Amino acid sequence: MATYSRLPGSVALITLHNPPVNALSAAVRQGIVDAVQRALKDPKVTSVVICGQNGKFCGGADIREFAGPMLGPPLVPMIHAIEAVDKPVAAAIEGVALGGGLELALACHYRIAHSKAVLGLPEVTLGLLPGAGGSQRLPRLIGLTAALDLITTGRHVSAAEALKLGVLDQVTDSNAVDLAVEFVRSVAGQPLDSRRLSTLPCPCPPDVDSLLDKVMSKVRQRSRGALAPVACVRALRAAASLPYAQGMEKERELMATLFNSGQARALQYAFFSQRVVGKWSLPSGARWDNSTARIISKAAVIGLGTMGRGIVVALALTGISVVAVETQEKQLAEASRVVPAMLQREAGRRRLATPPGVISFSSNLQDVSEVELVIEAVFEDMSLKLQVFKHLSSVCRPGTLLCSNTSGLDIDQLAAVTQSPGLVVGMHFFAPAHVMKLLEVVYGPRSSPEAVATAMQLGKRMGKVGVAVGNCPGFVGNRMLKPYLEQANFLLEEGATPRQVDEALEEFGFPMGVFRMSDLSGLDVGWRIRKEAGLTGPGVESTRTRQGRRYSPLPDQMCEAGRLGQKTGKGWYQYDGPGGRVARSDPWVHIFLETYRAEHGLVARSITLEEILERCLYALINEGFNILQDAVAAGPEDIDAIYVFGYGWPRHRGGPMFHADQVGLGRILQRLNQHSHPDVPHLKPSTLLRRLVAAGSPPVQKWREFINKERVHSQL
Ligand SMILES: CCCCCC/C=C/CC(=O)SCCNC(=O)CCNC(=O)[C@H](O)C(C)(C)COP(=O)(O)OP(=O)(O)OC[C@H]1O[C@@H](n2cnc3c(N)ncnc32)[C@H](O)[C@@H]1OP(=O)(O)O
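A quick note: this is a predicted structure, and the numbers were derived from the prediction, not measured.

Q: Describe in detail helix α16 (residues 449–461), supporting the description with residues and values.
A: In this model α16 runs 18 Å from its N-terminal to its C-terminal C-alpha over 13 residues, within 8% of the 18 Å that 1.5 Å per residue would give. The inward-facing, buried residues of α16 contact α12 (306–317), β13 (373–376), β14 (401–404), β15 (424–429), β16 (438–443) and β17 (465–470). Downstream of α16 by one or two residues, Gly 463 has phi in the positive range, about 80 degrees.

What follows is the structure, given as structure tokens:
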């Protein structure tokens with residue numbers, strides 16, 4: 001709701017009440033409409049201030065209402081009515097003014113903010129555009145170029161930047177509501193025409209068409225297949241070329257299309273998934289709200305390869321003191337040179353001051369004795385990690401949390417060699433660790449709630465999306481990746497080319513197909529893991545069935561030929577020398593595949609785009625169902641957040657489990673059955689999937705409850 005009060009000196013104060021962010025629910029909109037009417041009718045009122053309760057102006061439209069029928073007064077006429085008021089109206093912005101919240105402020109005649117406030121039009125991230133006049137008013141206020149940036153990226157800006165851009169009239173370090181009240185009193189009675197943004201022309205650069213074309217091609221490239229960024233550019237083209245009323249009509253049309261699109265539903269699901277994963281729970285009953293996290297101020301990182309360096313930077317950026325340990329002198333010297341520069345660059349990118357002198361480098365493991373938390377990031381080799389954990393357990397003071405950045409090795413085994421297994425968890429970062437948002441926090445049966453809570457809290461401080469997952473080979477992300485990669489290799493055996501497979505996946509929305517991705521990360525990473533698992537290497541027969549399953553030796557043979565990907569200039573594609581980035585099809589690979597097929601008596605067939613997607617994606621999704629069934633992930637949102645934030649799954653498709661729901665569980669089951677083969681266990685439909693289909697395919701939001709019930713009745 002919204003409350004109305006009259007302050008001394010003829011100022012009406014309208015306060016939005018809808019915790020936690022004063023979203024514009026039906027009740028709030030009704031409250032605003034009523035309060036504005038009252039202010040208009042009251043002859044003693046000469047000016048109006050709109051603010052939000054509890055130091056938060058407004059977080060925008062109430063996203064939870066989007067799923068149901070729109071009730072209450074519509075936003076657009078409400079906003080128009082505010083702009084039309086003939087008494088000065090000021091928005092007093094504290095905390096946030098986002099989306100519809102900023103659009104409400106843009107309808108006010110003046111905007112005054114606290115210096116810590118954050119403003120933005122993030123609708124594009126929810127699959128929408130600023131559909132309450134924001135796409136037409138903002139460019140009229142700050143010019144087309146700046147509005148294009150804010151609206152197509154959805155980025156939040158500080159009050160200082162908003163002031164510079166011209167969004168705000170004043171910024172204060174003290175009380176923004178008091179200042180706004182004082183301000184509107186001082187301008188009461190002055191003409192308002194020039195303050196009504198809808199009446200202003202849109203300031204545009206002379207080459208407006210080329211600017212719009214440039215931005216359009218940039219957004220199409222940045223977010224392949226996403227509708228909202230394209231619609232945002234179209235709405236801004238209307239702002240630049242049409243009178244306000246026609247621009248609003250265009251905004252309405254575009255918004256209506258987006259609002260009913262699957263992409264908007266997917267992006268809104270992704271918004272809530274990100275919040276759901278923060279409310280973690282473990283099978284033991286420990287939860288985010290009944291477990292206490294320790295506040296870490298001093299940490300250590302062991303191993304300063306690519307991952308270790310990124311983790312050091314991520315920790316240092318939060319202001320944590322870091323002891324960075326590397327026992328190989330050459331690697332240590334290089335890290336001591338490179339890490340401070342990385343820190344400075346990343347701080348600059350985030351517009352932060354570089355934290356001074358928080359990192360100390362050492363070659364001696366004894367130097368970690370005083371820290372509160374250690375993250376081990378040595379080479380992915382179990383015997384080495386066991387040695388490190390044993391050593392840490394004796395060097396660190398009792399109570400130190402010991403974490404491993406392993407991407408899939410057994411956390412329980414590491415915990416078992418320490419004196420306090422309850423204080424061991426996995427913290428699986430993704431490269432580059434200071435940039436990528438995902439953090440898998442891996443708990444074993446002995447991990448204490450405190451250890452999980454601390455790792456999750458630390459992840460949050462580092463700006464990560466932490467997802468608590470159970471311990472199993474590959475955890476969630478890499479476990480699901482395995483059948484996906486496997487199918488991609490099988491497709492090559494059967495007649496596809498790397499480019500064909502990649503194009504299908506990139507068309508779906510992945511920033512990179514599976515083979516381009518393998519070339520980037522290095523083909524030797526998987527090779528080493530397969531060697532450790534006894535799947536390849538000296539003495540292993542070169543057949544297409546290994547350990548009782550279909551196996552493709554293609555990637556091993558690529559490595560044996562020295563084709564390790566971008567770093568060697570050759571992999572599934574060819575590059576302009578080692579480290580080259582532009583992938584070109586390589587005739588060598590085509591001959592290699594033809595020879596391989598001939599050797600194994602395989603006849604190449606033509607493979608459709610649909611088959612590529614079904615086999616790669618449904619195999620991955622099926623493993624997701626197995627993971628839910630095994631309680632390694634608490635719910636589909638956890639899996640979806642992992643894939644969106646760590647594996648390039650297109651956000652506008654919600655995540656693999658959301659996608660399964662959209663495609664239809666019955667269809668996924670039917671296609672898996674069709675592609676299934678006795679020696680490809682990954683394609684055997686999971687029991688959970690079968691049970692969901694048998695239960696009438698409930699929507700993804702109901703799966704968690706379904707799984708819990710099935711578990712109680714021992715059906716899973
Ligand atoms: C044709 C039809 C025309 C209709 C026109 C409709 C126009 C729509 C335009 C819009 O306004 S779309 C919404 C734009 N706003 C946003 O995108 C803001 C989203 N929120 C955030 O970015 C953050 O929540 C925050 C405001 C920056 C606060 O961050 P913080 O980290 O402090 O808290 P959170 O954990 O993120 O959120 C707390 C709590 O609040 C819920 N929530 C936040 N924003 C909204 C919202 N706009 N609507 C509903 N609920 C919201 C969030 O889900 C959390 O709830 P939980 O239950 O604790 O998980």
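On we go from here.
Q: Pulling in residues and values, what's your account of the environment of Leu 258?
A: Mapped onto the secondary structure, Leu 258 falls in helix α10 (residues 244–259). Along the primary structure Leu 258 and Gly 31 are separated by 227 residues, whereas in three dimensions their C-alpha atoms are 27 Å apart.

Q: Could you give an account of the sheet that holds strand β7 (residues 118–120), naming the residues involved and the relevant values?
A: Overall, mixed pairing links the three strands, which are arranged β5-β7-β8 in an open sheet. Since the sheet does not close on itself, it has two edges, and those belong to β5 (96–98) and β8 (157–158), each with one partner. Here helix α3 (residues 100–107) sits on the sheet and contacts β5 and β7; the angle it forms with β5, its principal contact strand, is near 90 degrees.

Q: Describe the pairing of strand β4 (residues 89–93), naming the residues involved and giving the relevant values.
A: With five of five residues buried, β4 lies mostly within the body of the structure. The alternating pattern of β4 places Val 89, Ala 91 and Ile 93 and Ala 90 and Ala 92 on opposite faces, both of which are buried. Where strand β3 (residues 47–52) meets β4, three bridges bridge the pair, whose relative direction is parallel. The residue bridging Val 49 from the neighbouring strand is Ala 90, located in β4. As paired elements, β4 and strand β6 (residues 110–114) share four bridges and run parallel to each other. If you follow Ile 93 over to β6, its bridge partner there is Ala 113.

Q: Before we move on, can you summarise the site of the ligand with the specific residues and values?
A: Around the ligand there are 21 residues in total, and Gly 59, Ala 61, Gly 100, Arg 275 and Lys 279 lie nearest to it. Within the backbone of Ile 63, an N or O atom sits 2.9 Å from a nitrogen atom of the ligand. In the environment of the ligand, an oxygen atom lies 2.9 Å from a nitrogen or oxygen atom belonging to the side chain of Lys 279. In the complex, 73% of the free accessible area of the ligand, which totals 1100 Å², lies under the protein chains. The element that contributes the greatest number of residues to the shell around the ligand is helix α11 (residues 262–276), accounting for three residues. Class assignment for the residues of the shell around the ligand results in twelve nonpolar, four polar and five charged.

Q: Explain the nonpolar core to me, and be specific about the residues and the numbers.
A: Counting residues in hydrophobic clusters, the biggest one holds 100 residues, and the most contacted among them are Val 368, Val 501, Phe 625 and Trp 703. The dominant element in this core, judged by the number of residues it contributes, is helix α23 (residues 609–629), at eleven residues. With residues up to four places along the chain from it excluded, the contact list for Phe 625 reads Met 657, Ala 660, Leu 665, Ser 686, Leu 688, Leu 689, Leu 692 and Trp 703.

Q: Talk me through the pairing of β3; I want residue IDs and the actual numbers.
A: With six of six residues buried, β3 is to be regarded as a mostly interior element. Of the two faces of β3, the one lined by Ser 47, Val 49 and Cys 51 and the one lined by Val 48, Ile 50 and Gly 52 are each fully buried. Where strand β2 (residues 11–16) meets β3, six bridges bridge the pair, whose relative direction is parallel. What sits directly across from Ala 12, in β3, is Val 48. As a crossover connection, the stretch from β2 through helix α1 (residues 26–41) into β3 is right-handed. This β-α-β element, β3 to helix α2 (residues 75–84) to β4, shows right-handed connectivity.

Q: I'd love a proper account of the packing of α23 against helix α27 (residues 687–694), names of residues and values included.
A: Taken N-terminus to C-terminus, the directions of α23 and α27 make an angle of 90 degrees; their axes are 7 Å apart at the nearest point. Relative to α27, the element α23 lies roughly perpendicular. Side by side, α23 and α27 meet where Asn 622, Phe 625, Leu 628 and Gln 629 of the first sit next to Thr 687, Leu 688, Leu 689 and Leu 692 of the second. Class assignment for the residues of the contact of α23 with α27 results in five nonpolar, three polar and no charged.

Q: Let's hear about the UniProt feature "domain: 3-hydroxyacyl-CoA dehydrogenase C-terminal" (unreviewed entry) in the chain: which residues, and what values?
A: Mapped onto the present numbering, the UniProt feature "domain: 3-hydroxyacyl-CoA dehydrogenase C-terminal" (unreviewed entry) falls at residues 474–575 and 612–706. In the segment residues 474–575, helix accounts for 53% and strand for 4%; the C-alpha atoms at its two ends are 30 Å apart. In residues 612–706, helix accounts for 63% and strand for 0%; the two terminal C-alpha atoms are 31 Å from one another.

Q: Describe the sheet that holds strand β12 (residues 359–362), listing the residues and the values that go with them.
A: Strand order in the open sheet made by the eight strands is β12-β11-β10-β13-β14-β15-β16-β17, with mixed pairing throughout. In the strand order of this sheet, the two ends are held by β12 and β17, each with one partner. Between one strand and the next, the sheet's axes are offset by a mean angle of 25 degrees, whatever the strand orientation. In this structure, β15 lies alongside β16, joined through four bridges in antiparallel fashion. When the sheet's bridge partners are listed, Gly 426 is paired in β16 with Val 442.

Q: Describe the pattern of salt bridges, listing the residues and the values that go with them.
A: Considering all chains together, one arrives at 41 salt bridges under this definition. When the shortest N-O distance is used, the salt bridge between Asp 209 and Arg 237 registers 3.3 Å. Of this pair, Asp 209 sits in helix α8 (residues 208–222) while Arg 237 is found in helix α9 (residues 227–241), placing the two residues 28 residues apart along the sequence. The salt bridge involving Arg 550 is made with Glu 493; its shortest N-O contact spans 2.9 Å. With Arg 550 in strand β19 (residues 549–550) and Glu 493 in helix α17 (residues 477–494), the pair connects residues that are 57 residues apart, well separated along the chain. For Arg 550, a relative accessible area of 17% gives the class buried. Among the charged side chains, a salt-bridge network with shared partners connects Glu 493, Glu 494, Arg 544, Arg 550, Arg 605, Glu 611 and Arg 615.

Q: An account of α11 is needed here, citing residue identities and associated values.
A: A rise of 1.5 Å per residue sets the reference length of α11, with its 15 residues, at 21 Å; its end C-alpha atoms lie 20 Å apart and thus fit the reference within 8%. Within α11 the residues assigned to the buried category are Gln 263, Ala 264, Ala 266, Leu 267, Gln 268, Tyr 269, Ala 270 and Ser 273. As for α11, its buried residues are in contact with α9, α10, α24 (636–646) and α25 (656–663).

Q: Go over the side chain of Arg 137 with me, naming the residues and quoting the values.
A: Note on placement: Arg 137 falls in helix α4 (residues 134–142). Assessed through its relative accessible area of 0%, Arg 137 is described here as buried. Side chain to side chain, Arg 137 and Glu 83 meet in a polar contact 2.9 Å long. Only 3.1 Å separates the side chain of Arg 137 from the side chain of Tyr 244, close enough to count as a polar contact. For Arg 137, the residues in contact, after removing those within four places along its chain, are Ile 79, His 80, Glu 83, Leu 106, Ala 107, Ala 132, Leu 197, Ser 198 and Tyr 244.

Parameters at a glance
Residues numbered from 1 in each chain as written. Predicted model: local features only at pLDDT ≥ 70, side-chain atom pairs only at ≥ 80, totals over all residues. Heavy atoms only, no water. Helix = DSSP H or I, 4+ residues; strand = E, 2+ residues; numbered from the N terminus. Expected span 1.5 Å × (residues − 1). Contact = heavy atoms within 4.5 Å. Pairing = 2+ DSSP bridges. Axes fitted to C-alpha atoms, helices over the stretch in contact; angles between N-to-C directions. Buried < 20%, exposed > 50% of the residue type's maximum accessible area, 1.4 Å probe, protein only. Near = heavy atom within 4 Å. Polar contact = N/O pair within 3.5 Å; in protein donor to acceptor, adjacent residues only side chain to side chain. Areas by Shrake-Rupley, 256 points an atom, 1.4 Å probe, with all protein chains shown as cover. Nonpolar A, V, L, I, M, F, W, Y, C, P; charged D, E, K, R; others polar. Core = buried A, V, L, I, M, F, W, Y, C linked by side-chain atoms within 4.5 Å. Right-handed = clockwise from strand over helix to strand, strands pointing away. Parallel < 35°, antiparallel > 145°, perpendicular 65-115°, else oblique. UniProt positions renumbered as here; feature names shortened; annotations may be inferred. Salt bridge = Lys/Arg side-chain N within 4 Å of Asp/Glu carboxyl O.

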